[in-house]
Each structure stands twice: as structure tokens, then as C-alpha cells.
Amino acid sequence: MRKLLAMLVFLYTCKLALSQVTLSGVILDSATREPLSNTLIALKSNHVIANEKGRFMFPNLSEGNHHLMISHVGCDDVHLEILLLKDTFINLFIPHHLHSLTEIVKRASSNVDAGAQLIEGVSRKKLEHLAAVSISDALQEVSGVHFLRMGASIAKPLINGMHSNRVSIINDDSKQEGQQWGREHAPEIDPLSAGSLEVIKGASTLRFGGDAMGGVIRLLPAKFDDTSYNRLTFLTKLESNPRGGLVGLKYDNYNVKTALGQRFVFNAKRNGDSRSSEHYLSNTGFYQLSGSYFGLLKRNNNEWSLNASYFGQKLGILSSSHIGNLTDLNRALPSDTPLIINPFTYEIGLPSQVIHHFSGKLKWKYASERIGELTASYTVQNNQRQEFDSHRGSKGAALDLNLWTQQLNLWVVKPINQFKLQYGAMGESQQNKFQGRYFIPNYLRYKSGAFAILTAEKPRSLLEAGLRYDYQYVSTFRYQKEILLNEKFNYSGLSANLSGWLKVNEDMKTYFSLSTRMRNPDINELFSDGLHHGSAQLEFGSLDMTKERAYSLSSAIHYVHNKLRFRVEPFYHYFQNFIYLKPSGETQLSIRGAFPVFNYVQTNARFLGNDIDLQYQLNNHWSTQIDASFLWVKDIKNNRYIFGIPSQRIKGELKYAIIDRLGLRNGHFRFGAQYVARQNRVEDDEDFAVSPSDYFLLHSEIGAHYKKTPLHFSLGINNLLNTSYRDYMNRYRYYANDLGRNFYIIINYTI
């Protein structure tokens, strides 16, 4: 009996041994095919860390179905179901952005391959970890992107030294429309409502419009997992300067049987007065409320989506920037201290702005072998902007702008043998009305455009050629000496590009692009007449403005080998009839106070610059990165410098990857520095104050997941040394110093 029992135990043990299998594999970057070391791979309660070659192994697994989770710093978690019947080796490719945001990769977007574009992507996870409820939050670490600022709460992205109407914000496939001509009018959109975000540079931005001369910032729609699920994400951020915080909720739902996905997003943010290193910046508080809904339904070859969103803000305008008389203004401009300093408060006084932006979109996609992939969308947007003047008291808005925009977009992608053809058309109607004091007129504007792009791609090269035609009609209405004037403008023109890339070897890829584009003068450049409230200056346009024409040459070298990643992206833009806002050197007293005077002028200009990024993996944990941006701009018609151009800057960072230590996993600790040079390329007789001195800032952050929970946190410090400085690109530099030290904490929790 004992022998029989022993035999049965032996046979059962052999069966168990025979049913155990080994899962092994390698984790690779989907863009570069380089191994991703320090990747966390979890299977049930077991987890391993990929070695420096990206390899991992799970021995002694049972046969059957297993759920695999792959997590890496800067990447969205990847979840896989795998059936194991024998020893298995797998190659896993995951999209990775080294150092969170800073790697440029060629990858597929939602509609077409990236082609010859240069793209930096910001993932959904990174947007949440940054608590990015503004475009400036989302792009704060992207190489080559800087900001034109108005205090702590208003920031507009700068790409290749260009901003506002030369950088397009694209919400999926529709251009974000508001009063974006204003230097202090930040994009009225919440990046947390998007699935991810892209910064696109190069000539292939042509399909989004001929006026995107600097580049395109594109918010892509949400993507849903392939399995049914419900996901609730809670987000909060607290900061010391300005004192305040953010609360956000995001709910995702997807049902495989009905092929219906839904996303609900809500965010609220409230801040009080910000503070420089020495004093409070009075009346710079703000609050923001935003929400959105996205629904996606799939049926066979059809896909329908609905998107609706709201974005609202109330912003205080720095009290010391609105001055009542010329004597005080002339005293304020050279002063190191604001003329008005009040105790801290959350209350928003006068002057101030209130903004509401509503947007709705219907979109249909259809795919077939005969037609290709067809996308059609209809978008409606309403933008309301009210400006409250400190000299009117509580009498209501001094200026009330109401802008309605409707857009139709059609886009087709058709593979033809070894080629790919993209073509499409757009139409837009826009109506602007104002109440209160005059600054720009009422107007009706109609736009239409059509484009075609042909791409030929081989394993080691790609060539792309594109052509676009745009037409615009504007009809304006304004009173002059009690006579109603109806002035009409027609603009049309072609834009074209030739671009591509060549894979020199397994480590190096080169890019190039040649393009010519046109941009029509905007309504403010033609008609501005008086106080531009938020920027605290008097602006005057000119009806003599003609359309801009840009000729651009850009290139890039991307090198990736083992632990070294390097890229250099030089560019050259020549502008005919470049329009910019030029200081007159004069101040003027109006019934609303004393302000500097600026005029819109037109000239021929040259933009020459280079963006450089160097990254090196020191070992399994430590890495370092250096970013540098250089830009030289000249008015070559008059042999003068052009006002409002970013100075040279360089930043560096040392980063430690936290794999699994002290209860923290898949995290980082980083310490960084930024140096911004003084802008010496200015005209002494033009500006109202001397160009600010150069400055040096330090920052630090630690962020990680807590144990095996869905809790992620970040703790950080900006302006670590509480440095006193003024930035040339901050419009309020005339009146006050920039922000002092700021402590912050960000918490994400997903269930």
C-alpha cells in the first residue's frame, strides 16, 4: 500500500512538473527598437524588473491564461492576455518617451502615419501626472517649446520663436478658435480631456492649415482598451505659489459587446495671488472650471464619435500694470518694485477677465479598400470674453466679445501601391460681435481650403510632397464719426512642402523639409484701436497690412546608440511682410489710465535657430539630459532687431529611476537647472524698459507609485533658491518680478 501511495505521489509530481512552463522575453522601444531596461513586468502577485538588455523571465508558471502588465517611466501601462501551453519567448514593443516627454519619435497618429513630421508626444498618463489643466502645464518639459507669459496664470506656447496665430491648436482635426490673436489670450482648452497630446514641427503640418508656420499642438481623442472596463481617476494638486489647488475626476467606460466607449472629465482649479521672491503680485488670482464628454461607437467599418466641452476662467490682471497717470507710469517702468502691493487674497478685483468657451463636435470615420479611410467632422464653438476695467468700477464689462465658429472637415487617406495619398477640404464660418468700448470691429469671416499630400515610403527612406490652397473672405462693420463702414477683404494663396527622412544606419536618421506658406493678416493686426486690456498696453493696427509669405528650410539629425540619444534640429525661416507688434517708445494717457503704445508693423524678417537635445543613460538608474534652444531674428529690411523674441536658453537634468525601493515603484527623482540668457538683440530706443538680466533657476521633484496600489504622487519645488528675476517674454516684466519659490504635490488615484 505504501509503495502504491508513493508511486501515485511521484506520478502527480511529475505531472505538475511537466505542466509548468517558462515565460521569457525582451522589452523594446517601439520607435527605436532599443531595449528598455528597468521596466516592471507583473504577472499576478509576481513581478520582475527587466535587465539592462530589456530581458525578463518568469519560471515555473502553470499552463493556461495569464494577465501580463508592463509598466515603465513615461509610458502608459500595457495590459496583455497571454495563453501559455509551452515555454514561450516574446518580444514586447511599447511606445516610450524617454525622460517622460522629451523624446521625439516617428509614430502613428490617430489617422495617418507620422510621415515626415517631427512629433513629440505627451501620453495620457503623463498629462495626469503633470495635473495638466492648461497647454502650458502639458508642454512644460517639451524640448524646443517656450512660453509667452502674462503673470502666473496666462501662457501661450512658442515654437521656433513664433506664437498666437502662427502656432495652431488642433483639437483632434478641428482648429481651436477663440480670440487667439491676443498675446495674453491663452488657449481655452483642457488637455486632461484629451487622450494624448502631440507637438508637430516640420512641413507636414500643411494639412492643418497654411498659417501654422511655427508648428501645431494637437490634442488627440481618447483611446479605449480592447476589453470591457470601468475606470475612475481622481486627481488633485496643491501648490504654495500661487496658493491654491486643483481637483479633477475622469471616468472611462467601455463595453466590448456594444462597442461603445465613454469618457467624462471634470476639473476645477482655484489660486490666490501669486508671489515673487520679495512681494505679492496683487490681483493675480484666478479660478478655472472645465468639463467634457467624449463618446465613441464602432459598427463594422464605421466609427462615430461625439465630443462636447466647456472651459471657463476668471482671471485677475496685475494691479500695478494699470496705472492712472503718466507720472506714475514713468516711475513704475524703471522701478524694481510694483507700485501697488496689497496683502494676499483669493478675491479677484479689477481689472479682470472672464472667459467661457463651449465646443461640440460630431465625427464619422469609414474605412474600405476602395475608398481608403475617410473622416468627416462638424464642429461648433462659442467663445465669450469679457474685460472689466478698473476705471469703470462695477458698471459691467468694458469690452464684451462673442465669437461663433462653425467648421466642416473632410479627410481621406488612400494607400496606392507603394504610395499613400492624403487629401481633404475644410470650410469655416465665423461671426464676431462686440459690446462696450471699441477695440476690434464686428465681422463675418469665411474660410475654405483644400490639400493633397503624396507620400512614398521605403524601409530606409521617405519622401513626401504636399500642396494646399486657402481662400478667406472678411466683411467688417464699424462706426466712424457716426457713419457705418463696411470694409471687405479677400485673401487667397498656395502653400507647398517637400519633406522626408533617410535612415543612414540603424543608429541615425536624418530629416529635411522645404516649404512655403502664407498667413493672412488677422483682424487685430488690421483694426486694433486702443487699450488691449489684459496686456495693459495701447495697440494700433493698420489697414495697409498684406498677407505674410514664409519660405522655410529645416532639418534634423536623430542619433540613438546604446545609452546615448542625440538630436539636433536647425531651422531657417524667411518672411516677406512679417507682421509684429512694435513698441513705439511712447506712453499715452487715456480715460482708462496711462499705458505704453504699440503699433502693428510689417517688414521682411529672418528666423535662424537650432534646438538641441542630448540624453545619456549613465547606468540602470541614473540618466542625464541637456536641452538647448538658440534663436536669432532680424528685421533684414531695416537692419534692426525685432521686439518680443525669446533669448538663448539651456536646461539640464539629472534623473534617478526608482524601480522598486522603500515601497516606491516605477518612479523617479530628478534635479534640474535652467539658464536663460539676457536678450541683447534689442533696440535701445524702442522698448520701455531695459532688457532683464539673465537668470538661473533650480528645481527638483520625486514621483512614484506607492507599492502595488494605483496611487501615484509627485512632490516638487520650482525656483528652489527663490531667485529674483524677470523674464523678457513675460509682458508684466515692466511692472513686477516673476514667480518665487513654489512647493507642490500632485496625487493621482485610479480605480
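Each chain has its residues counted from 1, following the order in which its sequence is written. The predicted origin of the model limits local features to residues at a pLDDT of at least 70 and limits the giving and counting of side-chain atom pairs to 80 or more, whereas totals for whole chains, interfaces and linings rest on all residues. Values shown for side chains rest on all heavy atoms present in the structure; no hydrogens or waters enter the calculation.

1. A short note on the overall build of the chain
Working step 1: A run of DSSP states H or I qualifies as a helix once it reaches four residues; a run of E qualifies as a strand once it reaches two. Both are numbered from the N-terminal end. Along the chain, the regular secondary structure elements total 5 helices and 40 strands.
Working step 2: For a compact globule the rule gives 2.2 Å times the number of residues to the power 0.38, and the radius of gyration it is set against comes from C-alpha atoms. Scaling as 2.2 N^0.38, a compact globule of 751 residues should have a C-alpha radius of gyration of about 27 Å, and the chain matches this with 28 Å.
Working step 3: With the principal axes as the frame, the chain shows a C-alpha extent of 115 × 60 × 45 Å.
Working step 4: A contact between two residues is defined here by any heavy atoms of the two lying within 4.5 Å. Counting contacts in the chain only where the partners sit at least 6 residues apart, residues at least 24 apart contribute 66% of the total.
Working step 5: Accessibility throughout is a Shrake-Rupley quantity obtained with a 1.4 Å probe, and a residue counts as covered only by protein chains that appear here. Working note: accessible area of the chain is about 31,500 Å², and carbon and sulfur atoms make up 58% of it.
Working step 6: Residues scored as charged are limited to Lys and Arg (positive) and Asp and Glu (negative), so that His and the chain ends carry no count. A single reference atom marks each charge: NZ on Lys, CZ on Arg, CG on Asp, CD on Glu. A gap of 5 Å separates the mean positions of the 83 positive and 68 negative side-chain charges of the chain.

2. Focus on the side chain of Glu701
Working step 1: When you line up the elements, Glu701 lands in strand β38 (residues 695-706).
Working step 2: Separated by 2.8 Å, the side chains of Glu701 and His668 make a polar contact.
Working step 3: Sequence-distant contacts of Glu701, defined by excluding residues within four places in its chain, comprise His668, Phe669, Arg670, Ser714, Leu715, Gly716 and Tyr744. Polar contacts, as used here, are pairs of N or O atoms within 3.5 Å; protein pairs need one atom able to donate a hydrogen and one able to accept it. Residues neighboring in sequence count only if both atoms are side-chain atoms.

3. Quick word on the confidence of the model for the chain
Working step 1: Residues with a pLDDT of 70 or more make up 91% of the chain, whose mean pLDDT is 86.
Working step 2: Summarising per-element confidence for the chain, the mean pLDDT is lowest in helix α1 (residues 2-19) (48) and highest in β38 (95).
Working step 3: Each residue gets a pLDDT score, which is the predictor's confidence in that residue and runs from 0 to 100. A low-confidence stretch, residues 97-114 stays under pLDDT 50, and its non-local contacts, those more than four residues away or across chains, total 81 contacts.

4. Describing the pairing of strand β29 (residues 508-519)
Working step 1: Two strands form a pair only when DSSP identifies at least two bridges running between them. Where strand β28 (residues 483-503) meets β29, 8 bridges bridge the pair, whose relative direction is antiparallel. Residue Ala496 lies in a different strand from β29, and its bridge partner there is Thr516.
Working step 2: Between β28 and β29, which pair antiparallel in sequence order, lie 4 residues.

5. Considerations on the nonpolar core
Working step 1: Counting 55 residues, the largest nonpolar core has Phe575, Phe578, Phe607, Ile642, Tyr734 and Tyr735 as the members making the most contacts within it.
Working step 2: No other element matches the 6 residues that strand β33 (residues 564-590) contributes to this core.
Working step 3: For Tyr735, the residues in contact, after removing those within four places along its chain, are Leu318, Ser320, Ser321, Ile323, Leu329, Ala332, Leu333, Thr337, Pro338, Ala536, Pro596 and Arg726.
Working step 4: Counting residues in hydrophobic clusters, the runner-up holds 27 residues, among them Leu139, Val142, Leu197 and Ile217. Think of a nonpolar core as a cluster: buried Ala, Val, Leu, Ile, Met, Phe, Trp, Tyr and Cys residues, connected wherever their side-chain atoms sit within 4.5 Å. Residue exposure (1.4 Å probe, protein chains only): buried if accessible area is under 20% of the type maximum, exposed if over 50%, otherwise partly exposed.

6. With respect to the sheet that holds strand β3 (residues 46-49)
Working step 1: Strand order across the open sheet formed by 4 strands is β3-β2-β5-β6, with antiparallel pairing between neighbours. Two strands in the sheet have a free side with no partner beyond their single neighbour: β3 and β6 (78-84). Across the sheet, the mean angle from the axis of one strand to that of its neighbour is 25°, orientation sign disregarded.
Working step 2: Direction of pairing for strand β2 (residues 40-43) relative to strand β5 (residues 64-71): antiparallel, over a ladder of 4 bridges. The partner of Ile41 across the bridge, within β5, is Ile70. Structural elements are reduced to axes, namely lines fitted to C-alpha atoms, with helices fitted over the stretch in contact, and the angle between N-to-C directions of any two is expressed from 0 to 180 degrees.

7. What about the sheet that holds strand β1 (residues 20-29)?
Working step 1: Read across the open sheet, the 3 strands follow the order β4-β1-β7; overall the sheet is mixed. Strands with a single pairing partner mark the edges of an open sheet, and in this sheet they are β4 (55-62) and β7 (88-94). The average undirected angle you get between the axes of adjacent strands in this sheet is 25°.
Working step 2: In this sheet, β7 lies alongside β1 in parallel orientation, the contact comprising 7 bridges. If you follow Asp29 over to β7, its bridge partner there is Ile94.

8. Examining the pairing of β1
Working step 1: The buried fraction of β1 amounts to 8 of the 10 residues, a majority that puts the element mostly inside the structure.
Working step 2: Examined bridge by bridge, β1 and β4 share 6 bridges and lie antiparallel to one another. Residue Ser24 lies in a different strand from β4, and its bridge partner there is Met57.

9. Some details on the packing of aromatic side chains
Working step 1: Stacked, edge-to-face and tilted are the three classes for Phe, Tyr and Trp ring pairs, Trp counted by its six-membered ring, which pair at centre distances within 6.5 Å; planes under 30 degrees apart are stacked, over 60 edge-to-face, the rest tilted. The final tally for this structure, using the stated rule, is 27 aromatic pairs.
Working step 2: For the pair Phe264 and Tyr293, a centre-to-centre distance of 5.0 Å together with 50° between the ring planes defines the contact as tilted. In this pair, Phe264 sits in strand β17 (residues 260-271) while Tyr293 sits in strand β20 (residues 286-299), placing the two residues 29 residues apart along the sequence.
Working step 3: Arranged with centres 5.8 Å apart and planes meeting at 55°, the rings of Phe598 and Phe643 form a pair that is tilted.

10. Section: the environment of Leu526
Working step 1: Inspection of the secondary structure puts Leu526 in helix α5 (residues 523-527).
Working step 2: For the pair Leu526 and Asp137, spaced 389 residues apart in sequence, the C-alpha to C-alpha distance is 32 Å.
Working step 3: Those residues in contact with Leu526 that lie beyond four places of it in its chain are Phe489, Tyr491, Pro521, Gly541, Ser542, Leu543 and Met545.

11. Things to note about the pattern of salt bridges
Working step 1: Salt-bridge detection follows one rule: a side-chain nitrogen of Lys or Arg within 4 Å of a carboxyl oxygen of Asp or Glu. Inspection of the entire model under this criterion finds 28 salt bridges.
Working step 2: Of the charged contacts in the structure, one is a salt bridge between Arg567 and Asp613, with a shortest N-O distance of 3.6 Å. With Arg567 in strand β33 and Asp613 in strand β34 (residues 593-617), this residue pair connects regions lying 46 residues apart in the sequence. Judged on exposure class, the residue Arg567 and its partner Asp613 are both buried.
Working step 3: For the salt bridge of Arg640 with Glu686, the shortest nitrogen-to-oxygen distance reads 3.5 Å. Highlighted residues: Arg640 in the loop between β35 (622-635) and β36 (649-661) and Glu686 in the loop between β37 (664-676) and β38, separated in sequence by 46 residues.

12. A closer look at a nonpolar patch on the surface
Working step 1: Taken together, the side chains of Leu232, Phe234, Val247, Leu249, Tyr251, Phe264, Phe266, Leu289, Tyr749 and Ile751 make up a nonpolar region of the molecular surface, amounting to roughly 860 Å² of accessible area.
Working step 2: At 3 residues, strand β16 (residues 243-255) tops the list of elements feeding residues into the nonpolar patch. Candidates for patches are residues over 30% relative accessible area with no salt bridge; among them, like charges are joined within 9 Å and nonpolar side chains (Val, Leu, Ile, Met, Phe, Trp, Tyr) within 5 Å.

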